[in-house]
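# Coordinate analysis (summary)
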There are 2 protein chains.
Amino acid sequence: MARKRRGAGRVTLAEVAASAGVSTMTVSRFFNSPDKVSPAQRERIAQVVAETGYVPNQAAGGLASAHNRIVGMVVPNISGPIFAPTIQAFSDTLGEHGYQVLLASSYFSAEQEERAVRAFLGWAPAALVVTSHFHTEATERMLEQAALPVLETWDYRPERQPIQIGFSHYEVGVLAAEAVHARGYARPAFVLNSATGDLSALERCQGFTEILAQKGVDVLVHTPAPDLAPFEAGEQAMQQLHAGATPVDLIFFANDNLAAGGLLAAQHAGIRVPEQCAVLGFGDYPFARMLMPRLTTIRPPASAIGENAARWILAVADGQVPEAPLERLTCEVIVRDSL
Amino acid sequence: MARKRRGAGRVTLAEVAASAGVSTMTVSRFFNSPDKVSPAQRERIAQVVAETGYVPNQAAGGLASAHNRIVGMVVPNISGPIFAPTIQAFSDTLGEHGYQVLLASSYFSAEQEERAVRAFLGWAPAALVVTSHFHTEATERMLEQAALPVLETWDYRPERQPIQIGFSHYEVGVLAAEAVHARGYARPAFVLNSATGDLSALERCQGFTEILAQKGVDVLVHTPAPDLAPFEAGEQAMQQLHAGATPVDLIFFANDNLAAGGLLAAQHAGIRVPEQCAVLGFGDYPFARMLMPRLTTIRPPASAIGENAARWILAVADGQVPEAPLERLTCEVIVRDSL
DNA sequence: TTGTAGGCGTTATCAT
DNA sequence: ATGATAACGCCTACAA
């Protein structure tokens, strides 16, 4: 094992202190409350720090002070276009304040999330951010025991305890239902996400179908083959929903990836969008406006979620008690050409 | 009041040891080398751990052992479609082995990168991953001094010292030049990235223009207004390159976002793609195949870079000396309809 | 197989 | 304003 022996190489606080002819505490103060160090010492220390390239060891500092400038974030995935802006805003905002972000993906699996949470807990983070409210029991227990701020993002359910920063997926369904009903569509369909475990999509579906049912409109719910790539799932859905004798006249896809597949399949099948079949997406992914026809979709507050979560954590770390423990954000229908 | 100020609340190794009636070392071994603990003790400890929900403190462990299971990664951005697959693969591969990833964005700024590297160094990571070979002097010095494995990704220059996992951007330009020349285009153009600081795009441009110059073909290089959104930059580029008397017959865009803008502008302006003006992108972003016409582009090994970087780090942590310190990967031209 | 002693690099606390 | 000392939670080294 090429394992380093202890303390190999790195400059330490003690060494800086010795070089500067002061105690370790003075150097420590130089970093954490410079105003409590006399200007003369300050200059002397600054010089030694510059010469040696000393960087304080955060792990040691955190151990001693029980205050780690690190937070964990679990998202369903990093590489999709949905959560990326949240991660970006979260990481940037916290980074500006000297905090570091630990990242992990759950792939919509509560078990993977549990593993990630357990791993994060080992770092004694200042806070933990998770996505949605679907956790394993073990996760719930760990989070409770850990006694650290937990933020649930991309969701909003007033009845839940943890801090929430997001929106109601059910309300998104309602929003869509109203837009659809106002335009007089008679045979709408909802296409679920091919990624199994996306329970939030189910909530959108529920809101959509329930409200339309109240208005006397039945929604055809289509479930793609499990774990089909979303684009292909969208294509197949469009084909299948137009194979029968009474084709649908609108499809609300669980996300824009599916919708893009649907749009392309329509083009190939000669189905005119939106005349013959309108298409509504969810996510407002960057490519939505580049498709033909341009995709009408619902835009979630992705960046705002990340930034607000970060600000909440910073406020708490700063000793403040943010006035709004539940933060409800809203989605917006972006009307383009497909609906 | 004997209120604890320091280790508020968390269960510690010592407490677990006391409850199980063993020494702290036995509990430590229970986690790090279970086979060295007798089955009887193992069971006893496992029970206490389960009851208390104890999770080892990684920071303390790292401090004591000088072996942190944490690595830092700096990418230009998280939310774009380019680096996301690299981050995803990197994080997933390391996560499977109990490592955590610290993430930060540089936005193509060497100064931001420097800040991120300095912050990471404070955590004494097992390794550091950066993007490309453009760093400030201070960064280079820090990395040298820190004496930890540094991986440069998304780039490959045989003459450089650090571990590299990526490809030559100049070669990408060569690849494109050959594809373009073989098809007989006479008035090609290159559109640079609107994001200032994307020096790798310049290298692609260089390879493209130099090789075509050798074949007697001049390349018109177009520089978008700085920091214009890429999609709009692409639109403007397409318009401007067709405004003159002698329009170009092919545009190689610095990335697929720009190319998508170009494609749409062409459609609006009635420019037929590829007959009147062919379009070549870079990145093979997920939406490339959803555009009309489907975008011909160059696919970089984004996921492979992340996974290989992770595997390299794991191998080194395991005491192995990977045989290939420089790992050259290749890009591929994905021929669709726009070229 | 198990335990003891000491230290990893930093900060809280209490003196001066 | 500065310093001495004792933690923080864990692991290496060595001993039994």
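Calculation criteria
Residues numbered from 1 in each chain as written. Chains lettered and ligands numbered in written order. Predicted model: local features only at pLDDT ≥ 70, side-chain atom pairs only at ≥ 80, totals over all residues. Heavy atoms only, no water. Pairing = 2+ DSSP bridges. Helix = DSSP H or I, 4+ residues; strand = E, 2+ residues; numbered from the N terminus. Axes fitted to C-alpha atoms, helices over the stretch in contact; angles between N-to-C directions. Contact = heavy atoms within 4.5 Å. Least-squares fit on C-alpha atoms with pLDDT ≥ 70 in both. Near = heavy atom within 4 Å. Polar contact = N/O pair within 3.5 Å; in protein donor to acceptor, adjacent residues only side chain to side chain. Nonpolar A, V, L, I, M, F, W, Y, C, P; charged D, E, K, R; others polar.

Attention now goes to the sheet that holds strand S12 (residues 332-334) of chain A. All names here are of chain A. Here 6 strands make up an open sheet; going across it, the order is S7-S6-S8-S9-S10-S12 and the pairing mixed. Looking at which strands have only one partner, the edges of the open sheet turn out to be strand S7 (220-222) and S12. Taken pair by pair, the neighbouring strands of this sheet meet at an average axis angle of 20°, ignoring direction. Across 3 bridges, the pairing between strand S9 (residues 278-282) and strand S10 (residues 296-299) is parallel. Looking across to S10, one finds that glycine 281 is bridged to threonine 297. Against the sheet, helix H9 (residues 199-214) engages strand S6 (188-191), S7, strand S8 (250-253) and S9, with an angle of about 165° to S6. On top of the sheet, helix H10 (residues 230-240) reaches S6, S7, S8 and S9; it is set at about 155° to S8, its chief contact.

Here we come to the relation of the copies chain A and chain B. Superposition record for chain A on chain B: RMSD 0.1 Å, screw rotation 180°, translation along axis 0.0 Å. What the rotation and shift describe, once combined, is the action of a two-fold rotation axis. A share of 89% of interface residues in chain A that are also interface residues in chain B marks the association as one of identical surfaces.

Bringing the protein's contact with DNA strand D into the picture now. With respect to spatial proximity, 28 residues lie near DNA strand D, and among them Thr26 and Arg29 of chain A together with Leu13, Ser28 and Tyr54 of chain B are the closest. Across the atoms of DNA strand D situated within 4 Å of the protein, the share located in sugar and phosphate is 68%. Take threonine 26 of chain A: an N or O atom from its side chain is 2.5 Å from a phosphate oxygen of DNA strand D. For DNA strand D, a phosphate oxygen lies 3.1 Å from a polar atom in the side chain of glutamine 41 of chain A. Put simply, the parts of the chain that give the surface near DNA strand D at least two residues each are helix H2 (24-32) and helix H4 (58-65) of chain A together with helix H2 (24-32) and helix H4 (58-65) of chain B. Classifying every residue of the surface near DNA strand D by side-chain character gives 11 nonpolar, 11 polar and 6 charged.

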